[in-house]
Amino acid sequence: MPHDPPFSTHLPAEPVILLTGFDPFGGEQHNPSLLIAQALDGQRIAGHRVVAARLPTVFGASLQQLQALLAAHRPALTVCLGQAGGRAALSLERIGINLNDARIPDNRGQQPIDTAVVPGGPAAYFTNLPVKAMWRAVQRAGVPCEVSQTAGTFVCNHVLYGLMHLLSAPGSGLEGARGGFVHVPWLPEQGTPHLPLRNMVRGIHAALWAAVLTPADITLGAGATH
Ligand code: PCA
């Protein structure tokens, strides 16, 4: 006679942290954002499970892919990662603006100039991640970090703005979900300044812990913001 399983098979699903990285772009071989996301795939963080995913470095298609991921996973927390060559620290982005203004073509050859991410949408969205608490956690993990006031005007800003727009849409079913964006430096083989992959993985891991455990941001003295 079959026995009941010793535990319920109907436990509520673990809340998900969706962690995305981008395809390499601009003729480069690697994108550290994707490698970091893949390194953290499946990790358990404060009762949450990390689901890593890849976004194309393409205007429009990146947001369509993100929208499908949000619908499939209903993440409690979404953190999108992207590469920012020339930056020396993990950059916790505070703002996404309603502007596409591409300096180089995306991976499908599109190069929008002075167009809106969402025509008629608000000028900007703030992330609702606790960037100061995350900054402190990354610093304590020994990884250089800064709070940034601009994610640029290429595909990363497009995704940050689009993410916050999707999360704030009435009836999205994502009420209460939080999201934001972190830019990461080059890998050593890509140029200078750079950080080793393992340090960036450690820093993002610390940032995710802080994000989950800090429902509302903290106030810190000067030092985090550049
Ligand atoms: N960085 C680009 C897009 C993809 C990526 O990794 C950016 O900063 O917009």
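About the cut-offs
Residues numbered from 1 in each chain as written. Predicted model: local features only at pLDDT ≥ 70, side-chain atom pairs only at ≥ 80, totals over all residues. Heavy atoms only, no water. Helix = DSSP H or I, 4+ residues; strand = E, 2+ residues; numbered from the N terminus. Rg over C-alpha atoms; globule rule 2.2 N^0.38 Å. Buried < 20%, exposed > 50% of the residue type's maximum accessible area, 1.4 Å probe, protein only. Contact = heavy atoms within 4.5 Å. Areas by Shrake-Rupley, 256 points an atom, 1.4 Å probe, with all protein chains shown as cover. Lys, Arg positive; Asp, Glu negative; His and termini not counted. Charge placed at Lys NZ, Arg CZ, Asp CG, Glu CD. Phe/Tyr/Trp six-rings, centres within 6.5 Å; stacked < 30°, edge-to-face > 60°. Pairing = 2+ DSSP bridges. Near = heavy atom within 4 Å. Polar contact = N/O pair within 3.5 Å; in protein donor to acceptor, adjacent residues only side chain to side chain. Nonpolar A, V, L, I, M, F, W, Y, C, P; charged D, E, K, R; others polar. Core = buried A, V, L, I, M, F, W, Y, C linked by side-chain atoms within 4.5 Å. pLDDT = per-residue confidence, 0-100.

Glancing now at the overall build of the protein chain. Along the protein chain, the regular secondary structure elements total five helices and nine strands. Listing each helix as α and each strand as β along the protein chain from the N terminus yields β-α-β-β-α-β-β-β-β-α-β-α-β-α. Its C-alpha radius of gyration of 18 Å places the protein chain within 12% of the 17 Å reference for a compact globule of 226 residues. Here the C-alpha coordinates of the protein chain stretch approximately 65 × 40 × 35 Å along the principal axes. Here the protein chain holds 226 residues, and 50% of them are scored as buried. Partitioning the intrachain contacts of the protein chain with sequence separation of at least 6 by distance along the chain shows that 78% fall at a separation of at least 24. With the model as given, the accessible surface of the protein chain reaches about 10500 Å², and the carbon-plus-sulfur share is 57%. Positive and negative side-chain charges of the protein chain, numbering 14 and 13 respectively, have mean locations separated by a distance of 7 Å.

Now for the packing of aromatic side chains. In the structure shown here, the tally under the stated rule is four aromatic pairs. Seen from their ring centres, Phe 22 and Phe 181 are 6.4 Å apart, and the 40° between their planes marks the pair as tilted. Taken as a pair, Phe 22 in strand E1 (residues 16-22) and Phe 181 in strand E9 (residues 178-184) lie far apart in primary sequence, 159 residues in all. Across this residue pair, the class does not change: Phe 22 and Phe 181 are buried. With centroids separated by 5.5 Å and ring planes inclined at 80°, the aromatic side chains of Phe 59 and Phe 154 adopt a geometry described as edge-to-face. Separated by 95 residues along the polypeptide, Phe 59 in the loop between strand E3 (48-55) and helix H2 (61-73) and Phe 154 in the loop between strand E8 (145-148) and helix H4 (155-168) bring together distant segments of the chain. Judged by relative accessible area, Phe 59 falls into the buried class, the value being 7%.

Let's shift gears to unusual backbone geometry. For the bond from Thr 192 to Pro 193, the omega torsion is 0°, close enough to zero to count as cis. For Pro 193, the location among the structural elements is in the loop between E9 and helix H5 (197-213). Here the phi dihedral of Ala 46 falls at roughly 50°; this positive angle occurs in a residue that is not glycine. Secondary-structure assignment places Ala 46 in the loop between strand E2 (44-45) and E3. With phi around 55°, Asp 114 is a residue other than glycine that occupies positive phi space. Among the residues examined, Asp 114 registers a relative accessible area of 55% and is labelled exposed.

Before going further, it helps to examine the pairing of strand E5 (residues 90-93). Taking every second residue as pointing to the same face, both faces of E5 are buried, with Leu 90 and Leu 92 on one and Ser 91 and Glu 93 on the other. In terms of strand pairing, E5 meets E8 through four bridges, oriented parallel. When the sheet's bridge partners are listed, Leu 92 is paired in E8 with Val 147.

This brings us to the site of the ligand. The immediate surroundings of the ligand are formed by Phe 22, Phe 25, Asn 31, Thr 57, Gly 82, Gln 83, Phe 154, Val 155, Cys 156 and His 183. Gln 83 is positioned with one of its backbone polar atoms (N or O) 2.8 Å from an oxygen atom of the ligand. Here an oxygen atom of the ligand and a backbone polar atom of Val 155 are 3.4 Å apart. Across the complex, the protein chains shield 93% of the 260 Å² of accessible surface that the ligand would expose by itself. When residues of the shell around the ligand are traced back to their parent elements, those giving at least two are strand E4 (77-83) and H4. Here the residues of the shell around the ligand sort into five nonpolar, five polar and no charged.

With that settled, the discussion passes to the nonpolar core. One finds Leu 19, Leu 90, Ile 204 and Leu 208 to be the most contacted residues of the largest nonpolar core, which totals 33 residues. Within the residue set of this core, elements represented by two or more residues are E1, helix H1 (32-40), E4, E5, helix H3 (131-140), E8, E9 and H5. Ala 53, Leu 66, Phe 154 and Leu 167 belong to the second-largest nonpolar core, a separate cluster that totals 31 residues.

Right, let's talk about the confidence of the model for the protein chain for a bit. Scored by pLDDT, the protein chain has a mean of 94; 94% of the residues are at 70 or more. The lowest-confidence element of the protein chain is H2, averaging 97 in pLDDT; the highest-confidence one is E4, averaging 99.

The subject of this paragraph is the side chain of Ser 172. Position of Ser 172 relative to the elements: it lies in the loop between H4 and E9. The exposure class assigned to Ser 172 is buried, which follows from its relative accessible area of 18%. Within the structure, Ser 172 has its side chain in polar contact with the backbone nitrogen of Leu 174 (distance 3.0 Å). For Ser 172, the contacting residues outside a window of four places in its chain are Arg 74, Leu 166 and Leu 167.

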